[in-house]
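Secondary and tertiary structure notes
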Amino acid sequence: MNHHPDPTNHTRHAGAPRAFPTRSEHPTAEVAEQVRALLTNEVAESLALEHGVCVRPLAMRTIDLETGEVRIVARACESRQESVCPTCAEKHRRLRVAQCREGWHLDEEPVLPAREPTEQEKDLMTCRADLVAAYAESKADGDEDSCEHIRDAVRVVDEEIRAAGIKGHLVPLDPMPAVSKRRSTRRRQNLPDLPRKPVDGRTVGRVFAGKYRPSQFVTLTLPSYGAVRREDGAALDPERYDYRRAARDAIHFPKLLGRWMENLRRCVGWDVQHFGSVEPQKRGAPHAHYGVRGSIPHETIRQVTAATDYAVWWPKHDELVYGNGHLPVWDDRAKGFVDPDTREPLPTFDQAREKLDEPAHVIRFGEQVHSKGILGGTPEAGRHIGYLTKYLTKSITETIGLDDSASDAKRAHVDRLHTELMRTPCNERCAVWLLYGIEPRGARLSTVPGCCKGKAHTAKHLGIGGRRCQVSRKWSGKTLDHHRAKRAAFVRELLTAAGIEPRIRDDEGIVWERTAPGDSDVPPRAHLLLQSISERQRWNAEMRAAQLHAEGRPPDDPNNSATGSTAKKGRQSPWIG
């Protein structure tokens, strides 16, 4: 009897022919659809770049509380890295350019906008105050379960407070006890003396010859840690290169910049304002460029730089105590970390610092200091503004040249610097302190010895964990949100003058929420890109009509270059949302 194969039976006997082809032999319709979708996304991304829209739009769900209408709209990712989204990064860079230009050569004192707190902000702060009082009562009664619930509630309220735009220090539930600081306040003998003047509230620079109001462009660098190669910044002799000092200087560099600005203000006697950008050199060490408002003698800048240092009064952290699997452990009875062998509690950060007679590290600037006078409104000022904002959209690794063409010596140099950063504490709460036998502040059961989530420890930041762009509060009197609102108001006036009703997004009565992966109502990414491109084309057409109306030219004028103007000006138009 002949037995015909059962098409429903997927079991194949040895030597029998296969009844069905495998996925590798004949691609299924699903695989072919994925390939076509990939090609569609590539074409859509290319069009998005051409028209100046976000290439990584986020699918957001909007819910109208009055009508109940639910829509899926595309919102820009607002990334500040050019490698992630060139359009959003360029948009952010232009905002910084506008902020830098507006505040560098002001001739009048900036007016800081005053704002009354809203009812929501008052309610949030009142709720937090009630939670703090309840926490104190629960802690006094020894009710640990209630304290844990209150901590979670305070954490949620603090997130809402930050989301509402309230800045400043929030008093923690468990404030650290005041510790007497036994530090030497004697000024180091190798630092030159500086004049100390009472700081006036003036922020605008002097006028020379009745019409010139120059400002300064200053570059500050760190000292040398060893000879490096000119072409890529790699160490010539890695064994003699001081990677430990390079790592500590990179982590504490923001503190040194803050101390430098304090000394500069005390030396000149007025409230100096600055717009600065921090970026790494080829060797990996950070350096700063500052646009300083007002004219300051070059000799004064050099004296202040030479007389500025920052002493890090931390416990000594030169030799590792734990490592290679031998790490401190958490003890529930001691409510802290203990030695794994002796079970003795580790000294806390404050206890270890009480015994200090000298700082653990002192950071100073290098000898290379550059300062230059700049006049506002000149091409030179525009070039320096571009230089201040040039690397804000590039990552640290891109700036130092760590790409596919990097040499082996360069990669080895960066790896050794990163290795040293992994065992260098970045703050008082850093989990790296446990490797030195010291319990950091705020240590808890979830703290992993040696594993800190701070940006300074990551390979893509190389110790530069602070803000890349530093702007003083009285620079222009405006935040980035104010500059965005100013640009939107300009576009709104231009469209209204041309008889075009501006389409303003109104969030009142609208609830925004992120979509989850796998939601059935979320369209493919290519559809979101095409939706953004279509909307941008409409915006550009409206802007072009408004610009022609402002110039007194009719839209149907044959001399108007309709072809290409919209696409070319898509990234130049201020109407970028």
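A quick note: this is a predicted structure, and the numbers were derived from the prediction, not measured. (Residues numbered from 1 in each chain as written. Predicted model: local features only at pLDDT ≥ 70, side-chain atom pairs only at ≥ 80, totals over all residues. Heavy atoms only, no water.)

Right, let's talk about the packing of aromatic side chains for a bit. Centre distance and the angle of the planes are the two values used to describe a pair of aromatic rings. Counted according to the given criterion, the structure contains 10 aromatic pairs. With a centroid separation of 6.5 Å and an interplanar angle of 80°, the aromatic rings of Trp 314 and Phe 349 are classed as edge-to-face. Here Phe 349 lies in helix H7 (residues 349-353) and Trp 314 lies in the loop between strand S6 (309-312) and strand S7 (329-331), a separation of 35 residues in the sequence. Note on Trp 314: relative accessible area 8%, which makes it buried. Its relative accessible area of 1% is what places Phe 349 among the buried residues. Consider the rings of Trp 314 and Trp 433, whose centres lie 5.6 Å apart with planes at 70°: the pair is edge-to-face. Of this pair, Trp 314 sits in the loop between S6 and S7 while Trp 433 sits in the loop between helix H10 (408-422) and strand S11 (469-471), and the two are 119 residues apart along the sequence. Considered together, Trp 314 and Trp 433 belong to a single accessibility category, that of buried residues. (Phe/Tyr/Trp six-rings, centres within 6.5 Å; stacked < 30°, edge-to-face > 60°. Helix = DSSP H or I, 4+ residues; strand = E, 2+ residues; numbered from the N terminus. Buried < 20%, exposed > 50% of the residue type's maximum accessible area, 1.4 Å probe, protein only.)

The next thing to look at is the state of the cysteines. If you walk through the whole model with that rule in mind, you get zero disulfides. Unpaired in this structure, Cys 88 has its nearest cysteine sulfur neighbour in Cys 85, at a distance of 3.6 Å. (Disulfide = S-S within 2.5 Å.)

To continue, consider the pattern of salt bridges. Tallied over the full model, the rule gives 34 salt bridges. Between Arg 229 and Glu 231 there is a salt bridge, and its shortest N-O distance comes to 3.6 Å. Overlapping salt bridges, with partners in common, bring together Arg 244, Arg 248, Asp 318, Glu 420 and Arg 423 in one network. (Salt bridge = Lys/Arg side-chain N within 4 Å of Asp/Glu carboxyl O.)

Let's shift gears to the packing of helix H11 (residues 480-497) against helix H12 (residues 525-550). Where H11 contacts H12, the axes come no closer than 8 Å and their chain directions differ by 70°. Taken together, the axis directions place H11 and H12 in an arrangement best described as roughly perpendicular. In this structure, the crossing between H11 and H12 has a hand that is left-handed. Listed contacts from H12 to Val 491, Leu 494, Leu 495 and Ala 497 of H11 are Glu 542, Met 543, Ala 546, Gln 547, His 549 and Ala 550. In terms of residue class, the contact of H11 with H12 is built from seven nonpolar, two polar and one charged. (Axes fitted to C-alpha atoms, helices over the stretch in contact; angles between N-to-C directions. Parallel < 35°, antiparallel > 145°, perpendicular 65-115°, else oblique. Left-handed = near helix turned anticlockwise from the far one by under 90°. Contact = heavy atoms within 4.5 Å. Nonpolar A, V, L, I, M, F, W, Y, C, P; charged D, E, K, R; others polar.)

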